[in-house]
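What follows is each chain in one-letter form.
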Amino acid sequence: MATQFFQCPNCKAGVGAGSRFCPNCGLAFGQVPMPPPKKRNSSVGLWVLLGVVGLCVLCGVIGKIGDVIKKDTSSTSTAPTTSANASMTPTAPTPPPTFEQLKSRAQPLFAMGKEEHTTADLKDFDAVMAPLREIPKEAKEYKDSQALLKKLIDKSSVIGAEIVVLGEKPENSAWDGSVRPAEKYLKEVLNDYSSSEYLDWTKVAKVYEGKEPYWHTTVRLRAKNAFGAFIVKDIAFWIRRGQVVKVKGL
């Protein structure tokens with residue numbers, strides 16, 4: 001087993017364990033208190049202490065950074081608008097049209113007389129009738145606005161009825177001028193359709209009989225009669241929603 005040594009407190013010479021006198025200076029060890037042994041884990045405790053202190057400092061720094069970020073965010077959200085944003089001032093609401101303006105817009109609607117109306121035409125009426133309904137009773141134009149509104153309702157009702165009752169306008173064939181609903185009807189009622197000859201078709205047009213609207217066309221037809229002889233006749237068709245609803249001349 002190796003001999004253990006310690007330092008002489010007087011001359012720092014190495015002295016073997018169990019010696020009573022220093023072999024170098026002759027100091028009697030019983031007269032001088034021996035230095036306490038060094039604790040090897042003292043440095044470890046120091047590093048632990050420094051680590052705890054450093055962690056606390058780091059937490060404090062992180063907290064400061066968070067406070068700065070929050071401050072910057074709040075200042076950004078409450079910062080005054082830039083010149084670009086300042087220039088984008090809200091526009092004032094558009095004032096409602098006056099009665100005279102509505103009256104002027106209504107005139108071409110009363111004169112509307114298209115061959116085939118669509119739902120877009122009804123939207124034009126709504127654009128005038130809606131603000132007319134908003135005129136209050138206490139306004140001086142109220143009575144006149146109600147009279148104008150009634151006329152617009154009557155006119156738009158006729159157009160709406162045409163759209164619903166008539167359906168899509170039948171077209172003349174670009175090849176021979178025939179009208180499909182009428183041609184289909186003839187195929188169903190003629191005894192010898194294959195021997196019939198279409199001589200001429202009139203262009204489909206909208207007609208009124210009383211207050212009833214129809215799509216109307218006629219055809220000049222050469223066909224066999226009940227005796228087998230060929231005759232020429234004009235046949236008129238009244239059509240609604242793609243179906244023949246009335247025939248004359250057959």
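Everything quoted here is computed from the prediction, not taken from an experiment.

1. Quick look at the overall build of the protein chain
Next up, step 1: A tally of helices and strands in the protein chain yields six helices and seven strands.
Next up, step 2: Reading the protein chain from its N terminus to its C terminus gives the helix and strand order β-β-α-α-α-α-α-α-β-β-β-β-β.
Next up, step 3: Taking all 250 residues of the protein chain together, 24% fall into the buried category.
Next up, step 4: Accessible surface, the protein chain as shown: approximately 18,300 Å² in total, 58% of it carbon and sulfur.

2. Let's talk about the pairing of strand β7 (residues 243–248)
Next up, step 1: Examined bridge by bridge, strand β6 (residues 230–240) and β7 share five bridges and lie antiparallel to one another. In the strand pairing of β7, Arg240 is matched with Gln243.
Next up, step 2: Joining the antiparallel neighbours β6 and β7 is a turn of two residues, in which Arg241 adopts a positive phi near 50°.

3. Focus on the confidence of the model for the protein chain
Next up, step 1: When the pLDDT values of the protein chain are averaged, the result is 78; 72% of them are 70 or greater.
Next up, step 2: Put simply, helix α1 (residues 42–77) is where the protein chain has its lowest mean pLDDT, 48, and β7 is where it has its highest, 96.
Next up, step 3: Predicted confidence is poor over residues 55–59, with pLDDT under 50, and the contacts of this stretch with residues over four places away or in other chains come to zero contacts.
Next up, step 4: Here residues 75–81 is modelled with pLDDT under 50, and outside its nearest four sequence neighbours on either side it reaches one contact, counting other chains as well.

4. Quick word on helix α4 (residues 119–133)
Next up, step 1: The end-to-end C-alpha distance of α4, which contains 15 residues, comes to 21 Å, matching closely the 21 Å that a straight helix rising 1.5 Å per residue would cover.
Next up, step 2: Along α4, the sharpest kink reaches roughly 25°, centred on Asp126.
Next up, step 3: Those residues of α4 that are buried lie in contact with α3 (99–110) and α5 (142–166).

5. Quick word on the packing of α3 against α4
Next up, step 1: It is the contact of α3 with α4, at a shortest axis distance of 10 Å, that shows an interaxial angle of 155°. One element, α3, and the other, α4, form an angle in the roughly antiparallel class. Read as a crossing pair, α3 and α4 show a hand that is left-handed. For the pair α3 and α4, the contacting residues are Phe99, Leu102, Arg105, Ala106 and Leu109 in the first and Asp124, Phe125, Val128, Pro131 and Leu132 in the second.
Next up, step 2: When grouped by side-chain class, the residues that make up the contact of α3 with α4 number eight nonpolar, no polar and two charged.

6. A few points about the nonpolar core
Next up, step 1: Membership of the largest hydrophobic core comes to 15 residues, with the highest contact counts inside it found for Val179, Leu186, Trp201, Val219, Ile235, Phe237 and Ile239.
Next up, step 2: Where this core is concerned, the elements lending two or more residues are α6 (180–189), β5 (212–224) and β6.
Next up, step 3: Top element by residues in this core is β5. It accounts for four residues.
Next up, step 4: Discounting residues that sit within four places of it in the chain, Leu186 has contacts with Tyr193, Tyr198, Val219, Ile235, Phe237 and Leu250.

The rules behind the values
Residues numbered from 1 in each chain as written. Predicted model: local features only at pLDDT ≥ 70, side-chain atom pairs only at ≥ 80, totals over all residues. Heavy atoms only, no water. Helix = DSSP H or I, 4+ residues; strand = E, 2+ residues; numbered from the N terminus. Buried < 20%, exposed > 50% of the residue type's maximum accessible area, 1.4 Å probe, protein only. Areas by Shrake-Rupley, 256 points an atom, 1.4 Å probe, with all protein chains shown as cover. Pairing = 2+ DSSP bridges. pLDDT = per-residue confidence, 0-100. Contact = heavy atoms within 4.5 Å. Expected span 1.5 Å × (residues − 1). Bend = angle between axes of the 7 residues up to and from the residue. Axes fitted to C-alpha atoms, helices over the stretch in contact; angles between N-to-C directions. Parallel < 35°, antiparallel > 145°, perpendicular 65-115°, else oblique. Left-handed = near helix turned anticlockwise from the far one by under 90°. Nonpolar A, V, L, I, M, F, W, Y, C, P; charged D, E, K, R; others polar. Core = buried A, V, L, I, M, F, W, Y, C linked by side-chain atoms within 4.5 Å.

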